[in-house]
Each structure stands twice: as C-alpha cells, then as structure tokens.
Amino acid sequence: MARRIVVVVKHVPNIHSARAFADGRTVRGAEDGSLNELDEHPVEEAVRILEGLDEAERAESEIVVVTVGPAEAVDALRRAFQLGATTAIHVNDEALAGSDYAGTAKALAAAVRKVAADGPIDLVLAGMAALDGLGSVVPALLAAELGLPQLTNAGKLELDGATARVERVVDGATEVLEAPLPAVVSVNDHINRPRFPNFKLIMAARTKPVTTWTLADLGVDAAEVGEAGARTRVLSAEPRPERAPVEIHVDAGAGGEALVEFLVRRGLV
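What you see is a predicted model; the values in this text were computed from it and never measured.

The next subject is the environment of A164. In this fold, A164 is placed in strand 11 (residues 163-170). For the pair A164 and L151, spaced 13 residues apart in sequence, the C-alpha to C-alpha distance is 8.6 Å.

Now the structure itself:
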C-alpha cells in the first residue's frame, strides 16, 4: 500500500561554532547552520519505507518534510531533499521567534494537520533530539497536540498494514511497542545509517519548490507561540568559564603531600 509520511526537521546552529546570546536567545546567522544531524535518520527511515514498496505504490507515496524557523531554515529542507524527501513545507512567521518546545510543537502540529487535509497521513517521524537544545520532548508534545499515539526512541521500526511496531533499548532491556497508524514515531541514531546523497538529488534539491506557510495560513494565534506564548524564559546566559590551568608537580619526594593538598583544596576529601 502507498504511504504518506511526514518528517519534522529542524535547522540548528553549527555545534562546533562559538555560540552567542542576545535577549535570551541564541544568535543565529544564515551562514551558520544546517539540518539537525539527528533528523537525517527519520528522513532516511522514511526513504527506506518507500523503497520497500512496489513500483506502483512508491509512485503514489510521498515524504513531506516540515520545519519551523526563520528564512535560513529552508537550508534544512534543501538537505532533506538531497536525502530523498519529495515535498517540503516551511513554517515561517516573525511571531514564532522565541518559541519554546510547546510553541514549536503547536506550530508543527498545525502544519501536519494542514498537510493531512490534502490526504491521509500514515506516519509522522521525528529525530530523537535537536542538537541545539537536546530537550527530546517535541515528538511527545507533537503527538499530544495531534491526539495521536506516540512511539519514542525507536531503534527499529516496522509498518505492518495499519500498525507501527518499534523496538527500543531501555536500561539494557529491549522493549517492543505497537500502535495503530497514524502515529508519531521518534527514531534514535542507531536505527539506520543515512546515505550520502547522489549528484542527481543534490542538483534537484537546489530548485525544488518549498511551500511557505505563515501562522495565518495555519490558523494559529500568534499569542500562543513565540515569546508571547512561551512557558519558559531564559533569564541569563554566560560563556562557560575558562578551565583552571593544569598543575604539574615533579615528584622530588613530596608528591604525595602535593596530591593531598590539591584534593583538600578542591574539597574532594
């Protein structure tokens, strides 16, 4: 049977670059960011699901990637195109600035519902976390907003007709969970190895159309998202303090005493 899969993704700052904060927010620039690395796994999983279909079913199937973010977030969608996504939705509205996890989930849920209005959705996939915030709660919040069952932290995913089955490892034990479709499933970084995009997809991704929706298009009240609707506030942010210089003692017979003094000074004994 044909499948229609939505994958929610995020554009995140380069984790190796220096971070700056202003007004309680991370300073982001168009030149500094990419598709969240952990979101490559749900895109890859969606592609593999479609590859398991016969040719006729695959021709009728669709992978829709959705992101919420400013203008530069379109780069994350272009990357998803390179990995095999077929359709892209960009939710972009100035009122979304400062959204917390709940506000982001509300905007994503509205976008998913609008996608579903054009045709039934079988599955909503997400990564296990975004590397800028590492909250790992948006998939659960998204499922709650949509009123759908959730299967989180999946290391293996199988679709059997109208049922999703996942395996996940929790505290050394393997859990097997099932839920009826449609469902929200978050996958971890052990579920697959994302492929390298081929030249054809790279070139096609540059010009593929991206649909942009505002909050008005989604019927979302601006007061419920962004800084106005945020349930949390960043009160202050400071750079990580420099590490104290390394102390090197050449043992000339008093090394033990130097070690004890160091431990006492640090409150370790």
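Strand order in the open sheet formed by seven strands is 9-13-8-1-6-7-14, with parallel pairing between adjacent strands. This sheet does not close on itself; its edge strands, each paired only once, are strand 9 (150-154) and strand 14 (211-213). In this sheet, adjacent strand axes meet at a mean angle of 20° when their direction is disregarded. Two strands pair when backbone bridges link them, and strand 9 and strand 13 (residues 183-187) are joined in this way by three bridges, in the parallel orientation. Opposite L151, over in strand 13, you have V185 as the bridge partner.

Scanning all chains against the criterion turns up zero aromatic pairs. Geometry around W213 places K114 over its ring, the cationic atom sitting 5.2 Å from the centre.

Once that is clear, we can look at the layout of surface pockets. Its volume calculated, the second largest pocket comes out at about 230 Å³. Where the lining of the second largest pocket is concerned, the elements lending two or more residues are strand 5 (34-35) and helix 3 (74-83). In terms of residue class, the lining of the second largest pocket is made up of five nonpolar, three polar and four charged.

Bringing the nonpolar core into the picture now. In terms of nonpolar packing, the biggest core is built from 33 residues, with I5, V7, V65, L123, L125, L157 and V185 touching the most fellow members. Put simply, the parts of the chain that give this core at least two residues each are strand 1 (4-8), helix 1 (40-51), strand 6 (62-68), helix 3, strand 8 (123-127), strand 9, strand 11 and strand 13. In this structure L157 touches E45, I49, L123, L125, A164, R165, V166, V185 and I191, once residues within four positions along its chain are discounted. If you look at the next biggest cluster of nonpolar residues, it comprises 27 residues, including V91, A109, L142 and L215.

In this structure, N36 sits in the loop between strand 5 and helix 1. The class for N36 is buried, based on a relative accessible area of 0%. Those residues in contact with N36 that lie beyond four places of it in its chain are K10, V12, A129, A130 and L131.

So, about the packing of helix 3 against helix 6 (residues 199-207). Here helix 3 crosses helix 6 at 145°, and the two axes come no closer than 8 Å. Helix 3 and helix 6 meet at a crossing whose hand is right-handed. Counting all contacts with helix 3, which are made through R78, F81 and Q82, the residues of helix 6 involved are L201, I202, A205, R206 and T207. Of the residues assigned to the contact of helix 3 with helix 6, the class counts are four nonpolar, two polar and two charged.

On to the pattern of salt bridges. For the structure shown, the criterion picks out 13 salt bridges. The closest approach of N and O atoms between E62 and R4, which form a salt bridge, is 2.8 Å. On the criterion of sequence distance, the pair formed by E62 in strand 6 and R4 in strand 1 is long-range, its members being 58 residues apart. Exposure remark for R4: the relative accessible area of 15% places this residue in the buried category. Residue E145 is joined to K106 by a salt bridge in which the shortest nitrogen-to-oxygen separation is 3.6 Å. Residue E145 is located in helix 5 (residues 138-146), and its partner K106 is located in helix 4 (residues 101-116); the two are separated by 39 residues in the primary sequence. A relative accessible area of 30% places E145 in the partly exposed class.

Before going further, it helps to examine the sheet that holds strand 10 (residues 156-160). Here we have three strands laid out as an open sheet, ordered 10-11-12, and antiparallel in their pairing. Only two strands of the sheet have a single partner each, and these edge strands are strand 10 and strand 12 (173-180). For this sheet the average axis-to-axis angle between neighbouring strands, irrespective of direction, equals 20°. The pairing of strand 10 with strand 11 spans five bridges and is antiparallel. The residue bridging L157 from the neighbouring strand is V166, located in strand 11.

Conventions we followed
Residues numbered from 1 in each chain as written. Predicted model: local features only at pLDDT ≥ 70, side-chain atom pairs only at ≥ 80, totals over all residues. Heavy atoms only, no water. Helix = DSSP H or I, 4+ residues; strand = E, 2+ residues; numbered from the N terminus. Pairing = 2+ DSSP bridges. Axes fitted to C-alpha atoms, helices over the stretch in contact; angles between N-to-C directions. Phe/Tyr/Trp six-rings, centres within 6.5 Å; stacked < 30°, edge-to-face > 60°. Lys NZ or Arg CZ within 6 Å of the ring centre and 35° of its normal. 1 Å grid on protein atoms, 1.4 Å probe; cavity = no way out; pocket = protein on both sides within 12 Å on 5 of 7 lines; lining within 4 Å. Points joined across faces, edges and corners; volume = space filled by probe spheres on them. Nonpolar A, V, L, I, M, F, W, Y, C, P; charged D, E, K, R; others polar. Core = buried A, V, L, I, M, F, W, Y, C linked by side-chain atoms within 4.5 Å. Buried < 20%, exposed > 50% of the residue type's maximum accessible area, 1.4 Å probe, protein only. Contact = heavy atoms within 4.5 Å. Left-handed = near helix turned anticlockwise from the far one by under 90°. Salt bridge = Lys/Arg side-chain N within 4 Å of Asp/Glu carboxyl O.

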